[in-house]
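One letter stands for each residue in the lines below.
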Amino acid sequence: MPTICLIAGDGVGQEVVPAAADAIASALPSARFVTAEAGWDCFVRRGGAPPETLAAVQSAHATLFGATQSPTTGAPAPGSQSQVPNPQPPIPSPQPPTYRSPILALRRHFDLYANLRPAKSILPGAPPIDLLIVRENTEGLYSGQESRTGDTAIAERVITGKASERIARRIRTGAARAQPGARVTIVHKANVLKITDGLFRESCLAVARDYPDVETEEMLVGAAAMWLVRDPGRFDVIVTTNLFGDILSDLAAGLIGGLGVAPSANVGAGPVAVFEPVHGSAPDIAGTGAANPIGALLSGALLLDHLGEAAAASRVRAAVQQTVDDGVCTPDLGGRASTSDVTAAVCRHVREAK
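Because the structure is predicted, anything quoted here is derived from the model rather than measured. (Residues numbered from 1 in each chain as written. Predicted model: local features only at pLDDT ≥ 70, side-chain atom pairs only at ≥ 80, totals over all residues. Heavy atoms only, no water.)

Trainee: Please provide a residue-by-residue account of the nonpolar core, values included.
Mentor: Ranked by internal contacts, the top residues of the largest apolar core, which has 78 residues, are Leu-131, Phe-275, Ile-294, Leu-304 and Val-346. For this core, the element with the most residues is helix H9 (residues 294-306), which contributes eight residues. Apart from residues no more than four positions distant in its own chain, Leu-131 is found in contact with Arg-117, Pro-118, Ala-119, Leu-228, Pro-232, Phe-235, Asp-236 and Ala-252. Ala-38, Ala-56, Phe-65 and Leu-112 belong to the second largest nonpolar core, which has 15 residues in total. (Core = buried A, V, L, I, M, F, W, Y, C linked by side-chain atoms within 4.5 Å. Buried < 20%, exposed > 50% of the residue type's maximum accessible area, 1.4 Å probe, protein only. Helix = DSSP H or I, 4+ residues; strand = E, 2+ residues; numbered from the N terminus. Contact = heavy atoms within 4.5 Å.)

Trainee: I'd like to hear about the packing of aromatic side chains, residue by residue, with values.
Mentor: Across all of its chains, the model carries one aromatic pair by this definition. Relative to Phe-43, the ring of Trp-40 lies with its centre 5.3 Å away and its plane at 20°, an arrangement referred to as stacked. Taken together, the residues Trp-40 and Phe-43, both in helix H2 (residues 40-46) and three residues apart, mark about one turn of the helix. By relative accessible area, which is 13% here, Phe-43 ends up buried. For Arg-234, the ring lying beneath its charged end belongs to Trp-227, and the centroid distance is 5.5 Å. In this structure, Arg-234 is placed above the aromatic ring of Phe-235, and the distance from its NZ or CZ to the ring centre is 5.2 Å. (Phe/Tyr/Trp six-rings, centres within 6.5 Å; stacked < 30°, edge-to-face > 60°. Lys NZ or Arg CZ within 6 Å of the ring centre and 35° of its normal.)

Trainee: Residue-level account of the sheet that holds strand S11 (residues 263-267), with values.
Mentor: One open sheet accounts for 10 strands, arranged S2-S1-S3-S12-S11-S4-S5-S10-S8-S9; its pairing is mixed. Two strands lie at the open edges of the sheet, namely strand S2 (32-35) and strand S9 (216-220), each paired on one side alone. Neighbour-to-neighbour, the strand axes of the sheet open up by a mean angle of 25°, direction not taken into account. Two strands pair when backbone bridges link them, and strand S3 (residues 62-67) and strand S12 (residues 273-277) are joined in this way by two bridges, in the parallel orientation. Each bridged residue has a counterpart across the sheet, and for Leu-64 the counterpart in S12 is Phe-275. (Pairing = 2+ DSSP bridges. Axes fitted to C-alpha atoms, helices over the stretch in contact; angles between N-to-C directions.)

Trainee: Outline unusual backbone geometry, supporting the account with residue identities and numerical values.
Mentor: Phi at Asp-111 is positive, roughly 55°, even though this residue is not glycine. Relative to the helices and strands, Asp-111 resides in the loop between helix H4 (102-109) and strand S4 (114-120). Overall, the relative accessible area of 33% leaves Asp-111 in the partly exposed class. With a phi angle near 45°, Ala-282 is a residue other than glycine that sits in the positive phi range. Looking at the secondary structure, you find Ala-282 in the loop between S12 and H9.

Trainee: I'd like a description of the pattern of salt bridges, backed by residues and values.
Mentor: In this structure the tally under the stated criterion is 15 salt bridges. Of the charged contacts, one joins Asp-41 and Arg-45 as a salt bridge, the two residues approaching to 3.0 Å between their closest N and O atoms. With a gap of four residues between them, Asp-41 and Arg-45 both fall in helix H2, about one helical turn apart. With a closest N to O distance of 3.2 Å, Glu-165 and Arg-169 form a salt bridge. Taken as a pair, Glu-165 and Arg-169 lie in helix H5 (residues 161-170) at a separation of four residues, close to a single helical turn. Owing to a relative accessible area of 26%, Arg-169 belongs among the partly exposed residues under this scheme. A single salt-bridge network, built from bridges that share partners, covers Glu-37, Asp-41, Arg-45, Arg-46 and Glu-52. (Salt bridge = Lys/Arg side-chain N within 4 Å of Asp/Glu carboxyl O.)

Trainee: Report on the side chain of Ser-281, specifying residues and quantitative values.
Mentor: Relative to the helices and strands, Ser-281 resides in the loop between S12 and H9. Since its relative accessible area comes to 2%, Ser-281 is described here as buried.

Trainee: Quick one: what's the story with the pairing of S11, residue by residue and with numbers?
Mentor: Taking burial as the measure, the five residues of S11 include five buried ones, the bulk of the element. Where burial is concerned, the two faces of S11 agree: the one with Pro-263, Ala-265 and Val-267 and the one with Ser-264 and Asn-266 are both buried. The pairing of S4 with S11 spans three bridges and is antiparallel. The residue of S11 that forms the bridge with Asn-115 is Asn-266.

This is the structure in C-alpha cells:
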C-alpha cells in the first residue's frame, strides 16, 4: 500500500492537488494519502514549514506538491497559471529574511538533483511534440549565493563536475533515461561562460562517451530556444543547467497549451521524490473554479510511474487526453469547464478504463 504525501500549498494548489489525488485514487485504489503543510500561508501562521512536513515527505513513497505564493506588491504573482490577458505583474518585493521557497528547500534537503519536465502535445490539432527536459536542480545561479553592496548585486553561478556528471548520467539511467533511438541534446553557453558552462559541457560529453549507442549533440541555449519554437519535434531529450532548464521548460510548456498542463518531477539518488505542476499559485484565479488541474493530474501520472504503477499512470494520461478531446477544458485552454468538471471527467474515464 503506497503512501503519498499531499502538500497543497497556496492559491490554486489547494484546488489542483485534491484533483490529482482523486485521479490517483481512481487509478490506484490501494494508495494511502497523508497531508502536510508548506507555503506562504503556512509561514505566516507557523513561521515556516513545521518539522512534521519533512518527516512526512521522508516517510512517504512519493509526494505531490501544489504551488506556493511569495509576498508581492499586490497583483498576480509571476508564473500565474491564468492565461487571460493581464497587466504585467509586479516584481516580488523582498521576502522576509527567514522565508525560503518550500519547494527549493525540499529539493536541497533531499538532494533532488534532477528536475524532469516532459512536454507532450495534448490539444487537438496541435503539432506533435514529445520531449523531455532534464534540468540540473541544485546549483547554477539558483545556488542561493548572492550578495549586495550599495547598488551592486552579485550572484555566484556554481557549477561542479559532480553535479554535471550525475545529471548527464541520469538521462541514461533511472526515471529520466532516454528511450531507444532518442537523441540527447546537451544545452549550454560555453562560448561565453567558458569556465562554468565549459565544465558542464565537458562533464556531459565525457558521460556521453560511455554510451556510444545513444546519439548525442550539443547546442547553445539561444539556438535551442529558437529551434524549440521553429521545430520542437527535432528534440527528444534536453539536458541542461538550472536556469537554462527553467526557462526552456517554460517555453516548451507554452508550445503544448501553457503552464496549466505542464507536469514535473524532482528526483535524486535516494527514495524521496516530489512531483508538482509547474504553474504558480495563480492568486488571480484562486477560488474561482477556473484553475486547470491537468498539470497536477499529469504530475500524478509521473508519480504513479515512479511507484512502478505504469498501467495506472497510463490510465490517467489516457483519461486526461480523452477529457481534452471531448472539449472538457478550463478557460485557459478555451473551454468553459471548471476545475471540478475536468477532474470528474478524468476520474470517470480512469474508472471506465479498468
